[in-house]
Amino acid sequence: MFALIDCNNFYVSCERVFNPALNGKPVVVLSNNDGCFISRSEEAKALGLPMGGPAFKYRDLLRKHRVTVFSANFPLYGDMSSRVMTTLGALAPEIEVYSIDEAFLDMGGFRRLGTAEHAAHICRTVQRHTGIPVSIGIGPTKTLAKAASRLAKKNPRHRGVCMLSKPDEIQEALASLCIGDIWGIGKQWSKTLQSLNIHTALDLSRAPAQMVRQHLNTPGIRMQEELKGHSCLPLELVRPPKQSICTSRSFGRTVSAYEELQQAVATFAGTCAMKLRREGSLALTVTVFIHTSHFDGAARQCRGSGTAALNQPSQDSISIARAAERALASIWQPGYGYKKAGVAVSGFSPAMAGVTELSLFRNDRAEQEKRRQKLMQTMDAVNLRYGSGTLRLAAENTETWKPRQKQRSARCTTVWEEIVTVRV
DNA sequence: TCTGGGGTCCTAGGACCC
DNA sequence: TCTGGGGTCCTAGGACCC
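Treat the numbers as computed from the prediction; the structure is a model and nothing was measured.

Visitor: Is there a simple way to explain the overall build of chain A in this structure?
Guide: Each helix and strand in chain A was counted, giving 13 helices and 13 strands. Taken against the 2.2 N^0.38 rule, which gives 22 Å for 424 residues, the C-alpha radius of gyration of chain A at 24 Å falls within 12% of a compact globule. Its C-alpha atoms put chain A at 70 × 55 × 45 Å along the principal axes. Looking at chain A as a whole, 42% of its 424 residues qualify as buried. Counted over contacts in chain A with a minimum sequence separation of 6, partners at least 24 positions apart contribute 67%.

As structure tokens, then:
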């Protein structure tokens, strides 16, 4: 049996841990640039604030109902997430951290203790250790565990834990699950399936396999098998190394000057390089993209992306920023107000200590490479100790384009200066 | 005035190899 | 008139997830 542990309204719950006065009140957390709702308390959902809704369109409603609004505080959420995952790791033999607020557990060994009872114990323990409320779904496949967790959240009767094990329980649950609520079925496939007269998870589990393959390909077949109770998706105990890393932001205002875009792109490139070093990977290609706001119907639109290859696999901020600069130069067009830019690195190979892959044609660079590696190590060490951005490339600059962030709470678990006193 | 960010998998088609 | 078979790699685009 698999269990899916899902933190309730995770980002809002993190804010409430350090501000318990917000319990029972409507609270929302906004995306970067204070753009959209990305987490809502139950009270905020009841007011009709939709997931992904743009905050400025709901300004009156937010004010009228005195909704507490937070800018995103990802350092806090990331740290709270690792506390939840550490707690879960001690409560089951095997864990797959699926996302910032979800984990799958192997519940196979708890039959004698009572699987549902152990799940209830997990709920209580996570709440006590971290302050974060969780819901748990249990089923013979990951897809069914996901479905069960939906039911656990939707129906208070389950009190946070829903287990699907007997065939008739599963049938009943599948009949009540709309096609679009199945894990892996998005908007597009939902539409396709509806047109084929498949409306519930039960319909999909009983549809002819050939038809499913024709419209949904391999992932569809896997999904169908999982719904039938045949497990196709094992727990992934070790996170596979990333294949690409991307850093991108929307700007607080439109940016037209090339120099300002250059500064933004250099900043994103520096962050990508830092993430590469943390991941232990070397990249071979750097892609830069820029675009104007697709919501502004009146303005002239422009979007473009360009790729530059590195001479050799690298995780060096300077080389990656230079390549990003070349890529930007190849796509930038004057006369547009750009609203967003990003840098992505890909074509990875693992970085091995003491090993440098050299160019076939330029082998005089070994010494320079070594010095550059030491420089990056030093930069990372300084930034770890004194805060990120303490040491950075001169080309990096966030002043002109930085995103809006009006109401961020304290980074009280990751920055000493921002520790807060909590009255419970 | 104001609409997020970071990923994965799969397929199809083209270019290339022997 | 007639011209093989079996691969890989790369890219772009579309779907999905949180």
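Visitor: Got a minute to help me understand the protein's contact with DNA strand B in this structure?
Guide: Taken together, 26 residues form the shell around DNA strand B, and within it Ser 31, Arg 59, Cys 246, Ser 248 and Ser 250 come nearest. Of all atoms in DNA strand B that approach within 4 Å of the protein, 72% are sugar or phosphate atoms. The separation between a phosphate oxygen of DNA strand B and a polar side-chain atom of Lys 339 is 3.4 Å. Counting only elements with at least two residues in the surface near DNA strand B, the list comes to α10 (209-227), β9 (244-255) and β12 (338-346). Of the residues assigned to the surface near DNA strand B, the class counts are seven nonpolar, ten polar and nine charged.

Visitor: It is not clear to me how the protein's contact with DNA strand C should be interpreted in this structure. Could you clarify?
Guide: The environment of DNA strand C is made up of 13 residues, and the closest members are Glu 102, Lys 146, Gly 184, Gly 186 and Trp 189. Between DNA strand C and the protein, one listed contact pairs a phosphate oxygen with a backbone N or O atom of Gly 186 at 3.0 Å. A distance of 2.8 Å is found between a phosphate oxygen of DNA strand C and a backbone nitrogen or oxygen belonging to Trp 189. Secondary-structure elements contributing two or more residues to the surface near DNA strand C are β5 (95-99) and α8 (187-195). The element contributing the most residues to the surface near DNA strand C is α8, with three residues. Looking at side-chain class alone, the surface near DNA strand C contains five nonpolar, four polar and four charged residues.

Visitor: How should I be thinking about the nonpolar core in this particular structure?
Guide: One recurring pattern in soluble globular proteins is that nonpolar side chains are buried together. Counting residues in hydrophobic clusters, the biggest one holds 34 residues, and the most contacted among them are Leu 88, Ile 122 and Ile 136. Elements represented by at least two residues in this core include exactly β1 (2-7), α1 (10-17), β2 (27-30), α4 (74-89), β6 (102-106), α5 (115-130) and β7 (134-139). The leading source of residues in this core is α4, at six residues. Aside from chain neighbours lying at most four places away, what touches Leu 88 is Ile 5, Ile 95, Ala 103, Leu 105, Ile 122 and Val 126. Counting 33 residues, the second largest nonpolar core, distinct from the first, contains Val 265, Cys 272, Ala 283 and Tyr 336.

Visitor: Honestly, unusual backbone geometry in this entry has me stumped. Any pointers?
Guide: The phi torsion of most residues other than glycine is negative, and most of the peptide bonds are trans. Its identity is not glycine, yet Asn 9 carries a phi of approximately 40°, on the positive side. Tracing the backbone shows Asn 9 in the loop between β1 and α1. Of note, the phi angle at Asn 33 is positive, near 65°, even though the residue is not glycine. With respect to the helices, strands and loops of the structure, Asn 33 is situated in the loop between β2 and β3 (37-40).

Visitor: Help me understand the sheet that holds β7 in this model?
Guide: Sheets are built from strands paired through backbone hydrogen bonds, the pairs being either parallel or antiparallel. Strands sit in the order β5-β6-β1-β7-β8 across an open sheet of five strands; the sheet is mixed. The outermost strands of the open sheet, each flanked by one partner alone, are β5 and β8 (161-163). Within this sheet the neighbouring strands show an average axis-to-axis angle of 15°, counted without direction. Pairing of β1 with β7 involves six bridges; the strand directions are antiparallel. By the bridge assignment for β7, Ile 5 is matched with Ile 136. On the sheet, α5 packs against β1, β6, β7 and β8 and is oriented at approximately 160° with respect to β7.

Scoring rules and cut-offs
Here, residues in each chain are numbered from 1, in the same order as that chain's written sequence. As they are written, the chains are lettered A onward and the ligands numbered 1 onward, keeping that order. Residues qualify for local features only when their pLDDT is at least 70, as the model is predicted, and side-chain atom pairs are given and counted only at 80 or more; totals for whole chains, interfaces and linings, by contrast, use all residues. Excluded from the side-chain calculations are hydrogens and water; all other atoms, namely the structure's heavy atoms, are used. Starting at the N terminus, helices and strands are each numbered in turn, a helix being any DSSP run of H or I of at least four residues and a strand any DSSP run of E of at least two. Both definitions apply: the radius of gyration is a C-alpha atom measure, and the globule rule equals 2.2 Å times residues to the power 0.38. Think of it in three bands: residues with accessible area under 20% of the maximum for their type are buried, residues over 50% are exposed, and the middle band is partly exposed, with areas taken using a 1.4 Å probe on protein chains only. Note on contacts: a residue pair is in contact if any heavy atoms of the two residues lie within 4.5 Å. Whether a residue is near a molecule or strand is decided by its heavy atoms; if any one of them lies within 4 Å of it, the residue is near. Think of a polar contact as two N or O atoms within 3.5 Å of one another; within protein, one of them needs to be a possible hydrogen donor and the other a possible acceptor, and neighboring residues in sequence only count if both atoms come from side chains. Charged means Asp, Glu, Lys or Arg here, nonpolar means Ala, Val, Leu, Ile, Met, Phe, Trp, Tyr, Cys or Pro, and polar covers whatever is left, Gly included. Only buried residues count toward a nonpolar core, which is a set of Ala, Val, Leu, Ile, Met, Phe, Trp, Tyr and Cys residues joined through side-chain atoms within 4.5 Å. A pair of strands is treated as paired once DSSP finds two or more bridges between them. To get an axis, a line is fitted to the C-alpha atoms, and for a helix only the part in contact is used. The angle between two axes follows their N-to-C directions and goes from 0 to 180 degrees.

None of this, on its own, says anything about what the molecule does.
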